[in-house]
Structures are given as structure tokens and as C-alpha cells.
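Now for the letters of each chain:
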Amino acid sequence: MMNVLLIGSGGREHALAWKAAQSPLLGRLFIAPGNPGTAQLGQNIPLAMEDFPAIVSFCREQAIDLVIIGPEAPLAAGLADALNGAGIRCFGPSQAAARIESSKAFSKDFMARHNIPTARYATFQDLSQALEYIRRVEYPVVIKASGLAAGKGVALPENLAEAEATLRGMMQEGIFGEAGAEVVIEECLRGQEISLMAFCDGKTLAPLPPAQDHKRIFDGDQGPNTGGMGAYAPAPALSPLLLQEAMQKILQPAADGLREEGSPFVGILYAGLMLTEEGLRTLEFNCRFGDPETQALLPLLESDLLQIAFACTEGRLAQTEIRWRQGASVCVVLASPGYPNAPQTGQLIRMGVLPADSQCFQAGTKENAEGLLVTSGGRVLNISAWAQTLPAAVKLAYAALHQVQFDGMQYRTDIAARASQQRGRGNSPSGAAVRASIQRAESEIRNPLPKSAYADSGVSIDAGNRAVELMKTAIQKTYTPAVLAGVGSFGGLFDAAALKAFRNPVLVASTDGVGTKVKLAAQFGRYKNIGYDIVNHCIDDILVQGATPLFFMDYFATSKLIPEQTAEIVTGMAEACTAAGMALLGGETAEMPGVYAPGEFDVAGTIVGVLERENILPRTAHFQPGDLLIGVASSGPHTNGYSLIRKIFSETDYTDILPEWGVPLIDLLLRPHRSYLPVLQKALRVPGLIKGLAHITGGGFIENIPRVLPEHLDAKIRLGSWSMHPLWQRIQQKGEISAAEMYRVFNMGIGMALIVAPAQAADLQSLLPEESFIIGELVPGTKKVVSDSGLF
């Protein structure tokens, strides 16, 4: 016999308790915290879902054999890790694996890494950048809070004003708290939406029947989004052949990818799918049973839920038979008045006798002081019914619904109507599009394209073509009238007539790479900032000579070309180029299996700029002892020192947030390299004001500043004269690195050093749009860097 603890308190958990109670393996069933409905099936325990020590202690005291976690919040917080660490079997993924739901930014990047078909997207933590993006994107968008928002953090704005208001609400006003501090803006897909869940033991998957949810509050998919107003299963839109495709191209790659990245998924892996005219696309992943889909699906499960869940925790799913009842099931949600915006609670619930083959699952309910059942949440009750056919199940569900009543009760009357429309109105435009999409996809499964020998060697021409299509729009937005030929050409053409505006034009060119920072980006699936890194690094390298950028060319090489990943990186480059007013003229994307290890890639680029000959920097003949060094802050390590950083933090959780940081370590390390062009543009227009510039890049202070010094001068650095992020102290202490080496490897918080005459320092600083620091001065010497304290 098996003692089971079920975590949660909603309708989903009532359905799980109902199914678990049918198992001959069940000894005792506990639900924490549960609701009045679950109390009829087991013992409710007043444990807070976030009190991990109390839950572990309870499991030990009651000899719990299996814990089933219903909601996403405790999974995202790491409850499964706490239980597994205490030797208690848990049906639910680790915190790391749960990121596939808890961070939509991680999830989208993960899909790109593993070539899982999804919509075009971009992620933002800065409101101004997000607003700029939606003002120039050419397709309708969906805006999602990246974190957990109880199923309500998704908005489908109908116009630009709504989109801007949504972004301000999430990122500025904090309507979803920390969940909305980062947002995902993605292309709005059109088609049939399907929920497909699968049991998973870390390797093997076993699908549940496809279901279809109803998110909007009112009939006809009108009104605001909710947590779900009803569901039915199986959904006929996902045919057996399309189900096979979804498993092969979406869910299995997700399970394999999580395992490969060190986070094997155990529990229910849920894919929200969209059946578009172009085929299946992934809207999102969830890390748990869907709600209310679970209430529609579990009545169809003939096999023992506890046996399946336990097998998943032992990695034995492949040896476990799972049987499903023939027929269909429907769930209709009864919501409180005012839901979803301002639900009213406390209404008395009156419940009659429900017909056979139906069940009322309680969600937002409680018992009042008199012991009567009252409403206590937005979604109050779930009425489920099952029958041999879907129309019969719908009829039975609504018959059962009329046995329940509370004041202000609201529900949809069209649950599962889509399935009837698909059967009855096949000639409608949407029906025709769905039908054509199904036919195309099923034809591809039955009649796959002939195998390619080149593809078998590890190189996909089709993937390269798709990558170009995905990035083309972003690149073309960088074009100026001077671009005569760009994407798709053998070579980029740039009209040199643009140089006629210069009296004595000098071209400046530079080539560089991002370095091993790309390994961290690949590890965490954050690619776009790498595009910013390479462009901004190159901008700064020609800026120190006084040049304005004209065009940029990139080089991206990888072991396996994933179109969405490549497009995200190049889109980052394009956005950085646009911000600098230069063209992304062309580049090379290379797939080289055997040269790069699986999952690895490299990024490099070349920039060309122009300036007047008389404005070339540095003006070393004008350097004098006493000239001041003015420092402008960096955004972090930029693109240098990452081999050492990764070694130092190799055993550290990159998601750790120290109080003095305020953000996870990985966020600090993957901040993009700054471009100092907008900072210095105004000052560079003043003839003779800036004598020299030093980009503090690889080699730190000690190697970079001497590159602009004459032979007879040193730069003396005033340590402590600028604000320094605590990250640098952490790196030095944890790595046991000397001060001299820190200043030889890292920028130490200063990304650009300016050399100016003392009398003009105040004028220069007044032209800079941000705080700057006097960090030292030139002194007689031999072209080196020294510190005022003698540390180096």
C-alpha cells in the first residue's frame, strides 16, 4: 500500500485526488492544503505549499511513499528538489526543469536551442527597448510576462496603444510583480490551439489525449483571458498523425533537451500548441497538469494514476501500460461574479444530485463558520462529464451544471462548440485553413522528403535557408540608401558616394569576436545579447580612433544550425546596428559539425567606419603630464575574462541572487557590451576636446591604456575614484586573484577611458549624458599603467 501526499488546493487537485482514491495501491491520501472537495477523499493537511521543511518533515512522519505536486508555483520554487534531496519520491520536475514554464524567456530560448518550432520572439528587461521594438515590428504580437502569473500574464493587444499600455503595466506598474519584470514579445499565431500533455520519466514520454481549453471569459471567445473556462478531450483537430508529429518534433525534443542540459524532466510535460497554416507551432510549455484540462482528461484514464506516477519517479514509464477509455469528456468551469478582474466571494453554493458519469470538482470553495459551502475564489467549481460521444458528453455536462447554483454564477455555454464547428462548417475559411494544414502535415509524415547525403553528414541547407528567412526582416531594417545589395547577395554593396560629405575621409576597420562568453549564453539559452556584444565591441574599437560606423559584417559558426537560435543572435546584431545608425551589410553563417562540439557556436564580426583625417585619435603629440583620465562605466565584464569567470564560478549556481546584487549572477554576466557611441558623440564633435580614447577590453587597464600613450608618459590610476559593482570584489575573492591581475584581465567597471586637458575636463564631463569619473592622470614615465597606491 502507498501513502500519498498531494500538493495543491484547486479543481485540478480535486480531480487528481479523485483519481488517486480509485487506486488499489493507495494506503492513505493526504492533501496539502486541499479544499472541501478533497476532504471527502482523503485528509486535508494545513501545510503551506511554500513551507518546504514542514512538508519534508510531514512526509517523514507519515511515511509518505509518493508526493504529487499539482500547481506550478511550488515546482518553480524547488519543492521537488527539497523532496528528492530528502529521499522522498516526487512526481514533479526539479526547479531547473520547471523553468520551461516559470521563465517564458528561458522557454523560448530553449525552444530555439533545440529546434522546436515556435513563433518569432524577443525578450526584454528594459521598458524603453521593448517599446521601441513593438513600434517597428511588422507583425501582430502577443505580450507575455516571463514569470509565473497564474495563467493571466498573456495579452493580445489589438493595436499599438494597447501594446504600449500592456508593457507599461507589466514592466513599469508591476501588475504581475516580478513575473512581469521581464517580458517576451512574440508573433501572434493564428489557428487552432491544442493542449497536449505527456507523462515523462526523464526520458520516455507517454501522451495523454489532446485537449482544447477555452481561455476567454465569454462565449465566442470574447472578453478578457482567464485561467480557463472549460475544456474537452480528445480534441479532433489534432489527428493521430499530427499527434505523432507533435511528439516527435516538440515534446520528445523538449524532454531530450532538458536531459542533455542536466535537468531531466519527471512529471507532466505540457505543450500548448497552435495548428497554423504552416503547421504545428509551440506556444508554450508547462511543467504540470493543465487546469481545467486535467478535469476533462482524468475521467478518460482507465489505468492506475498512482502506478503511472510512481513508474515515472523510477524511470520505468516505458514498461508501464496506459489505457484510455473510448469516448469523450467535457469540463465546464463555474466562475464567481466579477471574475476574472474582481471576483466576488462568499456566495452560498447549493448543490443537488448530479447524474451518473458526471462529477463536480471543487476549486475556489471553503466552508464558512456555519459549515456551509461558499465561494472563495474566481473559478469556483468544475463540472465534468463523460460519454461515448462528444455531443453526449457536452449535453450531460450542462445537465449536471443545472444541479449547482450560487448567486452571480457565470459560465460559458459553448464549451466544445469548436469541435462541432470543425465537423459541421468545414467550408469556412478558418476550417479550410486548418484542414489544409492538417493535410499538408499528414502528407509530410506519410511521404517524407528524400534523404540528403549532405544532411546526413550534419549540414542542413534547409536550416540555413530558414535562418535567413527568420533574420531577413531585422537585417533589412538596418539598411540605409547607401546599401545597394545585402542579404542573399554574394557580396554586400555599399555606395561610396556617402564619403563625398567628407573633405579627407579615412576608413577605419576592425574585426573581433565575443570569446567564451558564448558558452554561458549557450548554457542558458540567451542568445540575442551576444549579437549586441559583437556589434558594440566593434563599434567601441573604431570609436577610439574617432570614427563613425558605416556598416558591419558578421560571422556565425556552429556545430548544428538551429534557425531560431541563429536568427535571434543576428537579430541582436541588427538591433545594435540600428541603434548605431549603421547597416548590417552581410555575413556568413556556417554549420560545421566536427569542428565545434555539440551545442557550441562562435560569433565574430567586422566593422567599417569613417572619419576626417584631421580628427584621427589619439592625438599623442598633444598629451601632457597632468592630463586627466575620465572613465565611463561599463555594464559588466563586457566580452572579456570569461574563461576565468567560468572557472571561478564553475561550482556556483548562476541563478543565485545576492542581496547586494539584486539580480541573478547570470544576468550580470550576460549583460551586453556597451556601445559608447551615444555617450561620446556630442563630445567628439568638439574639435580637439578629446585627446585620446582607450577601450578597456581584453587586457584590462594595464594592457589597453598604454596603446594610446606616447613613449614618455604613464597613466596613474586613482583606485577607488569610481563606483565599482560588488561583482568585481566577488570575482577577486572567490578566484583569489591579485589586484594587479584583476586590472590586467577585467575592465573593473570602466569600459572607456578619455584623455583630456585638466582645464577642459569639466566641459567634457558636461557633454556626457551620464555620470563619469576622474580616474587618474598622465605622469612622466615609460608608456605603462601604474596605481596611486602601488598595487600595480
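Residues numbered from 1 in each chain as written. Predicted model: local features only at pLDDT ≥ 70, side-chain atom pairs only at ≥ 80, totals over all residues. Heavy atoms only, no water.

This brings us to the packing of helix 6 (residues 104-113) against helix 19 (residues 563-580). For the pair helix 6 and helix 19, interaxial distance at closest approach is 6 Å and the crossing angle is 120°. When the axis of helix 6 is compared with that of helix 19, the two are oblique. Packed against helix 6, whose contacting residues are D109, A112 and R113, the element helix 19 presents E564, Q565 and E568 at the interface. The class makeup of the residues in the contact of helix 6 with helix 19 is 1 nonpolar, 1 polar and 4 charged. (Axes fitted to C-alpha atoms, helices over the stretch in contact; angles between N-to-C directions. Helix = DSSP H or I, 4+ residues; strand = E, 2+ residues; numbered from the N terminus. Parallel < 35°, antiparallel > 145°, perpendicular 65-115°, else oblique. Contact = heavy atoms within 4.5 Å. Nonpolar A, V, L, I, M, F, W, Y, C, P; charged D, E, K, R; others polar.)

The next subject is empty space enclosed by the protein. Taken as a whole and judged by the stated rule, the model has 3 cavities of 30 Å³ or more. The space that makes up the largest cavity amounts to roughly 40 Å³. Every residue lining the largest cavity is listed: K104, S107, K108, M111, K144, V184, E186, L283 and E284. Every element with two or more residues in the lining of the largest cavity is listed here: helix 6, strand 9 (183-187) and strand 17 (279-286). Ranked by the residues each element gives to the lining of the largest cavity, the list is headed by helix 6, at 4 residues. Tallied by class, the residues present in the lining of the largest cavity amount to 3 nonpolar, 1 polar and 5 charged. (1 Å grid on protein atoms, 1.4 Å probe; cavity = no way out; pocket = protein on both sides within 12 Å on 5 of 7 lines; lining within 4 Å. Points joined across faces, edges and corners; volume = space filled by probe spheres on them.)

Here we take up the packing of aromatic side chains. Overall, the coordinates contain 17 aromatic pairs when judged by the stated rule. Seen from their ring centres, F701 and W722 are 5.6 Å apart, and the 15° between their planes marks the pair as stacked. Remark: W722 occurs in the loop between strand 33 (713-717) and helix 24 (726-735) and F701 occurs in helix 23 (residues 700-704); sequence separation between them is 21 residues. Each member of the pair, F701 as well as W722, carries the same accessibility label: buried. Feature note: the residues F701, W722, Y743 and F792 constitute an aromatic cluster, connected by ring pairs. Lying over the aromatic face of F106, R99 brings its terminal NZ or CZ to 4.1 Å of the ring centre. Across the ring face of Y270, the terminal group of R288 is positioned such that the distance to the ring centre comes to 6.0 Å. (Phe/Tyr/Trp six-rings, centres within 6.5 Å; stacked < 30°, edge-to-face > 60°. Buried < 20%, exposed > 50% of the residue type's maximum accessible area, 1.4 Å probe, protein only. Lys NZ or Arg CZ within 6 Å of the ring centre and 35° of its normal.)

Across the sheet, 5 strands lie side by side as 12-15-18-23-20; this open sheet has antiparallel pairing. Two strands lie at the open edges of the sheet, namely strand 12 (212-213) and strand 20 (358-362), each paired on one side alone. Across 5 bridges, the pairing between strand 20 and strand 23 (residues 379-387) is antiparallel. In the strand pairing of strand 23, Q359 is matched with S384. Across the sheet, helix 1 (residues 11-20) is in contact with strand 20 and strand 23; its angle to strand 20 comes to roughly 130°. Of the strands in this sheet, strand 15 (230-233), strand 18 (328-335), strand 20 and strand 23 are in contact with helix 12 (residues 390-401), which crosses strand 18 at around 30°. (Pairing = 2+ DSSP bridges.)

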